[in-house]
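Notes for the structure review
Here is what each chain is made of, one letter per residue.
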Amino acid sequence: MRSGLIPERMSEENQAISANVPAVSVVVPVRDEVESLPHLIEAIASTLSDSQISYEIICVDDGSTDGSAEFLKQQAQIRSDLKAVILRRNYGQTAAMSAGFNYAVGKAVVTLDADLQNDPADIPMLLAKLDEGYDLVSGWRQKRQDGAVNRLLPSKIANWLIRRTTSVYIHDYGCSLKAYRSELVADMNLYGELHRFLPALAYIEGARITEMPVRHHARRFGRSKYGISRTFRVLMDLLTILFMKKFLTRPMHVFGLFGLSSMVLGLGIGIYLTFIKLVMGEMIGNRPLLILAVLLLVTGVQLFCFGLLAELLMRTYHESQGRPIYRVREVVENKNNQT
Ligand code: UDP
Ligand code: MG
């Protein structure tokens with residue numbers, strides 16, 4: 001069941017029911033962006049009210065030290081369209097987004113960066129696309145305004161790798177500007193740098209995914225929070241995703257297979273050596289093959305046991321859902337006049 005994201009198209013009855021449910025929650029992770037914030041909030045508010053889309057803005061302060069948290073708290077007291085979620089310390093962009101998802105009540109969720117690199121004016125277009133029946137619309141940054149060597153090149157390689165390995169064919173995984181149907185993000189658990197793999201995770205959940213060209217601007221204030229080291233973390237997360245995609249539910253299928261093959265091979269060589277020693281009466285103590293046999297056996301047992309442990313862990317993982325990866329210090333919102 002889908003209802004239009006744009007209020008004009010809703011029936012009166014629907015409008016009454018959804019009086020307190022905005023069409024869209026805009027989730028913004030914020031770390032030290034105090035100069036950008038006033039422009040950002042104003043831009044989101046004016047775009048969405050001009051397009052007559054009901055909205056809420058959820059700014060998640062991720063351990064800022066430049067007064068962003070204070071600014072957000074103060075704004076959330078006087079604005080009815082802004083919720084400020086203040087995390088206790090810096091947890092990283094992914095965790096901040098995840099916190100934002102948990103406080104979002106809108107029918108759709110849009111994420112974007114606080115640094116004005118994404119253009120809020122693109123939001124209505126993404127929502128319209130979502131309305132065509134997609135679960136996730138990802139932005140594709142045109143004319144990216146970032147450094148060539150330390151940003152664009154790693155990003156090109158990462159995009160190519162992710163595209164090849166996750167079988168989600170979009171161009172620009174790193175773009176924060178994305179729109180989701182809210183059910184999709186409601187129960188996703190995010191760790192590490194996983195937010196850029198949300199399309200891949202969504203794909204595992206069977207979502208319909210598409211992309212749209214969006215604008216991209218150079219940073220006007222502050223500086224980027226990342227350097228080249230992010231590439232490594234992204235690669236490690238890619239491995240995790242790959243594993244999750246293939247073997248999340250049955251780790252034993254991969255570890256068990258390798259473990260058993262290794263054990264059988266080791267056992268085979270061992271039997272052969274025993275035969276040589278006992279029947280042929282040859283010395284085997286100085287043969288490299290003996291070392292190989294022992295190595296294969298030990299590795300095999302290890303892998304096998306590891307697979308069993310992984311199975312147990314996976315069960316715990318699946319059955320103990322619902323634990324957030326962050327702790328919220330406080331949530332500021334204006335309860336009196338909600339839009
Ligand atoms: N960010 C965050 N926590 C962090 C690092 C970044 O919430 O630990 C936010 C940051 O404020 C910005 C977004 O994530 O809104 C993207 O960060 P940045 O612009 O530094 O990344 P880039 O655009 O350079 O990839
Ligand atoms: Mg940026």
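Residues numbered from 1 in each chain as written. Chains lettered and ligands numbered in written order. Predicted model: local features only at pLDDT ≥ 70, side-chain atom pairs only at ≥ 80, totals over all residues. Heavy atoms only, no water.

1. A closer look at the overall build of the protein chain
For the protein chain, the helix and strand inventory stands at 11 helices and 8 strands. A sequence separation of at least 24 residues applies to 82% of the contacts in the protein chain between residues at least 6 apart. For the protein chain, the exposed surface amounts to about 17,500 Å²; the carbon and sulfur share of it is 59%. (Helix = DSSP H or I, 4+ residues; strand = E, 2+ residues; numbered from the N terminus. Contact = heavy atoms within 4.5 Å. Areas by Shrake-Rupley, 256 points an atom, 1.4 Å probe, with all protein chains shown as cover.)

2. Digging into the site of ligand 1
Within the structure, ligand 1 sits among 18 residues, and D62, D115, R151, S224 and K225 are positioned closest to it. A distance of 2.6 Å separates an oxygen atom of ligand 1 from a polar side-chain atom of S224. Calculation on ligand 1 without its partners gives an accessible area of 530 Å², and the protein chains cover 95% of this total. When grouped by side-chain class, the residues that make up the shell around ligand 1 number 4 nonpolar, 5 polar and 9 charged. (Near = heavy atom within 4 Å. Polar contact = N/O pair within 3.5 Å; in protein donor to acceptor, adjacent residues only side chain to side chain. Nonpolar A, V, L, I, M, F, W, Y, C, P; charged D, E, K, R; others polar.)

3. Side note on the pattern of salt bridges
Summed over all chains, the structure comprises 12 salt bridges. One salt bridge in this structure joins D115 and R219, with 3.2 Å as the shortest N-O distance. Here R219 lies in the loop between strand 7 (209-214) and helix 9 (230-247) and D115 lies in the loop between strand 4 (108-111) and helix 5 (123-131), a separation of 104 residues in the sequence. Close ionic contact of D122 with R215 constitutes a salt bridge, the shortest N to O distance being 2.8 Å. Of this pair, D122 sits in the loop between strand 4 and helix 5 while R215 sits in the loop between strand 7 and helix 9; the two residues are 93 residues apart in sequence, bridging distant segments of the chain. Several salt bridges converge on common partners, so that one network encompasses E33, D115, R219 and K225. (Salt bridge = Lys/Arg side-chain N within 4 Å of Asp/Glu carboxyl O.)

4. Considerations on the coordination of the magnesium ion (ligand 2)
Around the magnesium ion (ligand 2), the protein supplies D115 (OD) and Q117 (OE1) as donor atoms, at distances of 1.9 Å. Take D115 and Q117: they sit in the same class, and that class is buried. (Donors = N, O, S within 2.8 Å, 3.2 Å for Na, K, Ca; no water. Buried < 20%, exposed > 50% of the residue type's maximum accessible area, 1.4 Å probe, protein only.)

5. Let's talk about helix 3 (residues 68-78)
It helps to recall that an α-helix has 3.6 residues per turn; residues three or four apart then point in one direction. If you check which residues of helix 3 are buried, you get S68, A69, F71, L72, Q75 and A76. One face of helix 3 carries all of its buried residues, which in axial projection span an arc of 160 degrees. Residues E70, Q77 and I78 are exposed on helix 3 and point more than 90 degrees away from its buried face. (Arc of directions from axis to C-beta.)

6. Quick word on the packing of aromatic side chains
The tally for this structure, following the rule as stated, stands at 2 aromatic pairs. Considering the side-chain rings of F101 and Y180, the 5.8 Å spacing of their centres and the 75 degrees angle between planes classify their relative orientation as edge-to-face. Here Y180 lies in strand 6 (residues 178-181) and F101 lies in helix 4 (residues 93-103), a separation of 79 residues in the sequence. Grouping residues by exposure puts F101 and Y180 together as buried. Relative to F306, the ring of F255 lies with its centre 4.9 Å away and its plane at 75 degrees, an arrangement referred to as edge-to-face. Of this pair, F255 sits in helix 10 (residues 251-280) while F306 sits in helix 11 (residues 288-319), placing them 51 residues apart in sequence. Assessed through its relative accessible area of 17%, F255 is described here as buried. Given a relative accessible area of 46%, F306 falls into the partly exposed group. (Phe/Tyr/Trp six-rings, centres within 6.5 Å; stacked < 30°, edge-to-face > 60°.)

7. Some remarks on the side chain of D122
Its relative accessible area of 3% is what places D122 among the buried residues. Non-local contacts of D122, meaning those with residues more than four positions away in its chain, are made with L177, V214 and R215.

8. Looking at the environment of A95
Tracing the chain through its elements places A95 in helix 4. With a relative accessible area of 6%, A95 lands in the buried category. For the pair formed by A95 and D62, sequence separation is 33 residues and the distance between their alpha carbons is 8.5 Å.

9. Notes on the nonpolar core
One finds V28 and I44 to be the most contacted residues of the largest nonpolar core, which totals 39 residues. Setting aside residues no more than four positions away along its own chain, V28 makes contact with L40, I44, I57, I58, C59, V60, L112, D113 and A114. In this structure, Y173, F197, V234 and L238 belong to the second largest nonpolar core, which totals 32 residues. (Core = buried A, V, L, I, M, F, W, Y, C linked by side-chain atoms within 4.5 Å.)

10. Topic: the packing of helix 6 (residues 148-166) against helix 9
In a pair of packed helices, the angle between the axes and the distance between the axes together describe the arrangement. Contact pair helix 6 / helix 9: the axes reach a minimum separation of 11 Å and the direction vectors enclose 5 degrees. In terms of their interaxial angle, helix 6 and helix 9 are classed as roughly parallel. On helix 9, the residues touching R151, P154, L161, I162, T165 and T166 of helix 6 are R230, T231, L235, L238, I241, L242 and K245. Its residues assigned to classes, the contact of helix 6 with helix 9 shows 7 nonpolar, 3 polar and 3 charged. (Axes fitted to C-alpha atoms, helices over the stretch in contact; angles between N-to-C directions. Parallel < 35°, antiparallel > 145°, perpendicular 65-115°, else oblique.)

11. Some points on unusual backbone geometry
The phi dihedral of Q52 is positive, around 55 degrees, even though this residue is not glycine. The exposure class of Q52 is partly exposed, given its relative accessible area of 45%. In this structure, K143 is a non-glycine residue whose phi angle is positive, near 45 degrees. Looking at where K143 falls in the secondary structure, it is placed in the loop between strand 5 (136-141) and helix 6. With a relative accessible area of 73%, K143 lands in the exposed category.

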